[in-house]
Amino acid sequence: MNKFKNILAATIVASLALPGIAYADGTVEVLHWWTSGGEAKAIGELKKAFEAEGGKWVDSPIAGGGGDAAMTALRARVVAGNPPTAVQLKGPGIQEWAALGALDDVQDVADEEGWDDELPPALAKIMKYDGKYVAVPVNIHRVDWFWANPEVLAKVGVTEMPTTWGEFNTVADKLKEAGITPLAHGGQPWQDATIFEDVVLGIGGADFFRKALIDLDQDALTSDTMVKSFDQLRKLRGYVDPNFSGRDWNLATAMVMRSEAGFQIMGDWAKGEFLTAGKVPGKDFVCAPTPGKGFVLNSDSFTFFKVTGEEKVEGQKVLASLIISPKFQETFNLAKGSIPARTDVTLDKFDDCAKKSHADLLAAIKADSLVPSMAHEMAVPRSVRGEFLDLVTNFFNSDMSSEDAVKTLAAAVKRAQQ
Ligand code: BGC
């Protein structure tokens, strides 16, 4: 059913009276950071669906993986008193903006459509402020993945994906000896933090991850386990090519596609790149969780900033309703590499990586080993995340010892909390 049905009647009357005015109905300006091939295809699905409802879509993409540039742009827009109507935002960021009174809630849409019955409770909680939905989730991304080129691995006789960091190092050493870059990586703080948190899960397990990266426990941050995690990060530094600095994540994915590197460690938005390039999972590329029993959760969502004008408010409600609809959750996530945020969407059309993600998600919920991503802003305030990113990047780009890294990190995290 056309969500703009009622307003459309008014539009026809208005456009008869004022020829040339195309839209008197819902409008959204959407600020997001989905600019890579797979990302652009996925957000393109949302634009298409919104326009099919008769709405007007104004696109405001801010390039920059992980969204740091988009968040800077958002702050500037809000300070200037001109917020976009809809913004890709997540985790504690949702709560921070809601606490400032900047967000409109969409509780009326949620009530009408019964969102509480459709979303995993842990996700619904992140979307609510003061008991009301101020955000709507579009997907569930998993951060702890290896993406590999099987043809490249076969060159060194490897047919199985590594299941421990030790195994990974052995394969990586073989690739290096054969003159192949083991790890495609982009040296940007959020990418460094992505591989770091995956290593922490593998070395320390989910409970340790939670203590160190979420609860910010000083003992965990200065523990031997954390020293060992930095040791493994140092190993990974030895597996990247000399031109890694500043490289965008999707260019690193392309290196794996083009057989220029064996692996990439990245969330499953990387799968969106492989698929957009026509690559076939299980044949042209393979996926496997990085070592460690658990699941590092990252979920994208949209928030609705306080705006004036009936057509904008209507646009927000229509967008919220569209995003949560089962059909859209399927179409979008098939392109994005993630799985639906709704629990009632079947995965029949999805590939084995998505099915594995879903099965492991359920297992992790049961085993209490589901952890929210620090690097992708699902867990800690931006100020604390900033300290992690700074230190991890400094470590990656210097010869800092693991012992010094844990001391400096623990002190910086403490300062950020004061
Ligand atoms: C987002 C993904 C996005 C990735 C790279 C992550 O933080 O959750 O949707 O594709 O950054 O830009």
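Above this text sits the structure in question.
Residues numbered from 1 in each chain as written. Predicted model: local features only at pLDDT ≥ 70, side-chain atom pairs only at ≥ 80, totals over all residues. Heavy atoms only, no water.

A. Representation of the overall build of the protein within the structure. Across its full length, the protein carries 19 helices and 14 strands. Relative to its length of 418 residues, the protein is compact, with a C-alpha radius of gyration of 22 Å against a globular reference of 22 Å. Every one of the 418 residues in the protein was classed for burial, and the buried ones make up 56%. At a minimum sequence separation of 6, the contacts of the protein that also span at least 24 residues come to 76%. Carbon and sulfur atoms provide 53% of the accessible area of the protein, an area that totals close to 16800 Å². When the 43 positive and 57 negative side-chain charges of the protein are each reduced to one mean point, those points stand 2 Å apart. (Helix = DSSP H or I, 4+ residues; strand = E, 2+ residues; numbered from the N terminus. Rg over C-alpha atoms; globule rule 2.2 N^0.38 Å. Buried < 20%, exposed > 50% of the residue type's maximum accessible area, 1.4 Å probe, protein only. Contact = heavy atoms within 4.5 Å. Areas by Shrake-Rupley, 256 points an atom, 1.4 Å probe, with all protein chains shown as cover. Lys, Arg positive; Asp, Glu negative; His and termini not counted. Charge placed at Lys NZ, Arg CZ, Asp CG, Glu CD.)

B. Fine view of the pattern of salt bridges. Counted according to the given criterion, the structure contains 23 salt bridges. A salt bridge links Glu 51 to Lys 47; the shortest N-O distance between them is 3.4 Å. Taken together, the residues Glu 51 and Lys 47, both in helix H2 (residues 37–52) and 4 residues apart, mark about one turn of the helix. By relative accessible area, Glu 51 is classed as partly exposed at 35%. Residue Glu 377 pairs with Arg 382 through a salt bridge whose shortest N-O separation is 2.6 Å. A relative accessible area of 8% means that Glu 377 is categorised as buried. Judged by its relative accessible area of 23%, Arg 382 is partly exposed. (Salt bridge = Lys/Arg side-chain N within 4 Å of Asp/Glu carboxyl O.)

C. Molecular detail of the packing of aromatic side chains. For the structure on display, the rule yields 19 aromatic pairs. With a centroid separation of 5.5 Å and an interplanar angle of 40 degrees, the aromatic rings of Phe 328 and Phe 332 are classed as tilted. Of this pair, Phe 328 and Phe 332 are both found in helix H16 (residues 326–336), 4 residues apart, which corresponds to roughly one turn of the helix. Summarising the burial analysis for this pair, Phe 328 and Phe 332 share the class buried. Over the face of the ring belonging to Phe 395 we find Arg 234, whose NZ or CZ atom lies 3.9 Å from the ring centre. Here the guanidinium or amino end of Arg 237 rests over the ring plane of Phe 396, the centre of that ring lying 5.8 Å away. (Phe/Tyr/Trp six-rings, centres within 6.5 Å; stacked < 30°, edge-to-face > 60°. Lys NZ or Arg CZ within 6 Å of the ring centre and 35° of its normal.)

D. Geometry of the site of the ligand. Near the ligand there are 14 residues, and of these Glu 39, Lys 90, Asp 300, Lys 336 and His 376 occur at the shortest range. Between the ligand and the protein, one listed contact pairs an oxygen atom with a side-chain N or O atom of Trp 34 at 2.9 Å. Contact distances for the ligand include 2.9 Å between an oxygen atom and a side-chain N or O atom of Asn 298. The fraction of the free accessible surface of the ligand (310 Å²) that becomes covered by protein chains is 100%. Its residues assigned to classes, the shell around the ligand shows 5 nonpolar, 5 polar and 4 charged. (Near = heavy atom within 4 Å. Polar contact = N/O pair within 3.5 Å; in protein donor to acceptor, adjacent residues only side chain to side chain. Nonpolar A, V, L, I, M, F, W, Y, C, P; charged D, E, K, R; others polar.)

E. Layout of the side chain of Glu 29. Inspection of the secondary structure assignment puts Glu 29 in strand E1 (residues 27–32). Side-chain polar atoms of Glu 29 contact the side chain of Arg 77, separated by 2.8 Å. Every residue in contact with Glu 29, bar those within four places of it in the chain, is listed here: Val 58, Ser 60, Arg 77, Pro 84, Thr 85 and Ala 86.

F. Expanded view of the state of the cysteines. What the rule picks out here adds up to 1 disulfide. Between the sulfur of Cys 287 and that of Cys 353 lies a disulfide, 2.2 Å long from S to S. Of note, the bridge from Cys 287 to Cys 353 carries an S-S torsion of about -110 degrees and is left-handed in sense. Placement of Cys 287 in strand E11 (residues 286–289) and of Cys 353 in helix H17 (residues 352–367) is noted, with a sequence separation of 66 residues between them. (Disulfide = S-S within 2.5 Å.)

G. Representation of unusual backbone geometry. The backbone of Ser 259 sits at a positive phi, close to 65 degrees, despite the residue not being glycine. You will see that Glu 377, though not glycine, has its phi angle at about 60 degrees, which is positive. Positionally, Glu 377 belongs in the loop between strand E14 (370–372) and helix H18 (382–396).

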